[in-house]
Amino acid sequence: MVYKFRVILDTEEDIFRDIAILNDDTLEDLHNAIVNAFGFDGMEAASFYNCNDSWEQQEDEISLFDMSDDNNGAKTMSTTLINAVLDSEQTKIIYVYDFLNMWTFFVELAAIEDQEPGAVYPELLFSHGELPDSIPARAFGANHVSNEEIFGEFNDDYDDEDFDMFDEDSEDFSDYGYEDSWN
């Protein structure tokens, strides 16, 4: 069977790719198809995350590499088949590429079809929009809040005079309880 996915970049603009891949390929194969479809170099770490129908990320992470400390190991893309994670009931998963920039994609299983004779999979079926040079502001995520909403407005209660004691040109540390030849 062939799974047809729509992979949508989490941004205000419509940027997505439609990808067809065999259902018994691994998530690493899907990762590589997404990387190629969006023109990334593939040199960054990435993970898939289970989510609910509202795109709220769940705890389950399927990473590109096993970086766990336990002996059991974590789920990795190379050992996880696509059809073990996604099917006609569970159609959504979140993909994050490059953890410094956090390129976030919504991956949705749009169709399950028979394999076409002579077709080579994975296959890029459709491309819409161009990937921006830098990570765009997020648009769709359910839990996106600003730092100010989390931490409140920053209030600097200190005057500049409070820091005058740290004069960079001064080599006299006697006011701080140090002797010149302390070592």
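For the structure, check the block above.
Keep in mind that what you see is a predicted model, and the values were worked out from it rather than measured.

**Student:** Now, about the pairing of strand E3 (residues 46–51): what can you tell me, with residues and values included?
**Tutor:** Strand residues, when the strand is regular, have side chains that alternate between the two faces of the sheet. The buried fraction of E3 is high, at six of six residues. Burial along E3 is two-sided: the face carrying Ala-46, Phe-48 and Asn-50 and the face carrying Ser-47, Tyr-49 and Cys-51 are both buried. The sheet contact formed by E3 and strand E5 (residues 92–97) spans five bridges and is antiparallel. In the strand pairing of E5, Phe-48 is matched with Tyr-95. Relative to strand E4 (residues 57–63), E3 runs antiparallel, the two being bridged by four bridges. Along E4, the bridge assignment pairs Tyr-49 with Glu-61. Linking E3 to E4, which pair antiparallel, is a turn of five residues; within it Trp-55 sits at a positive phi near 65°.

**Student:** Give me the lowdown on the pattern of salt bridges, citing residues and values where you can.
**Tutor:** Counting across every chain of the model gives two salt bridges. Between Glu-113 and Lys-4 there is a salt bridge; the shortest N-O distance is 2.6 Å. On the criterion of sequence distance, the pair formed by Glu-113 in strand E6 (residues 103–113) and Lys-4 in strand E1 (residues 2–9) is long-range, its members being 109 residues apart. Judged by relative accessible area, which is 32%, Glu-113 ranks as partly exposed. Notably, a salt bridge pairs Asp-18 with Arg-6, separated by 2.7 Å at the nearest N-O pair.

The rules we used
- Per chain, residue numbering runs from 1 following the sequence as it is written.
- With the structure being a predicted model, the display of local features is reserved for residues of pLDDT at least 70 and the display and counting of side-chain atom pairs for 80 or more, all residues being used for whole-chain, interface and lining totals.
- Calculated side-chain values reflect all of the structure's heavy atoms, with hydrogen atoms and water omitted.
- Classification of residues uses two cut-offs on accessible area relative to the type maximum, computed with a 1.4 Å probe and protein chains only: under 20% is buried, over 50% is exposed, and between them is partly exposed.
- The numbering of helices and of strands both runs from the N terminus, where a helix is a DSSP run of H or I of at least 4 residues and a strand a run of E of at least 2.
- Any two strands are treated as partners once DSSP identifies two or more bridges connecting them.
- Each reported salt bridge corresponds to a side-chain nitrogen of Lys or Arg within 4 Å of a carboxyl oxygen of Asp or Glu.

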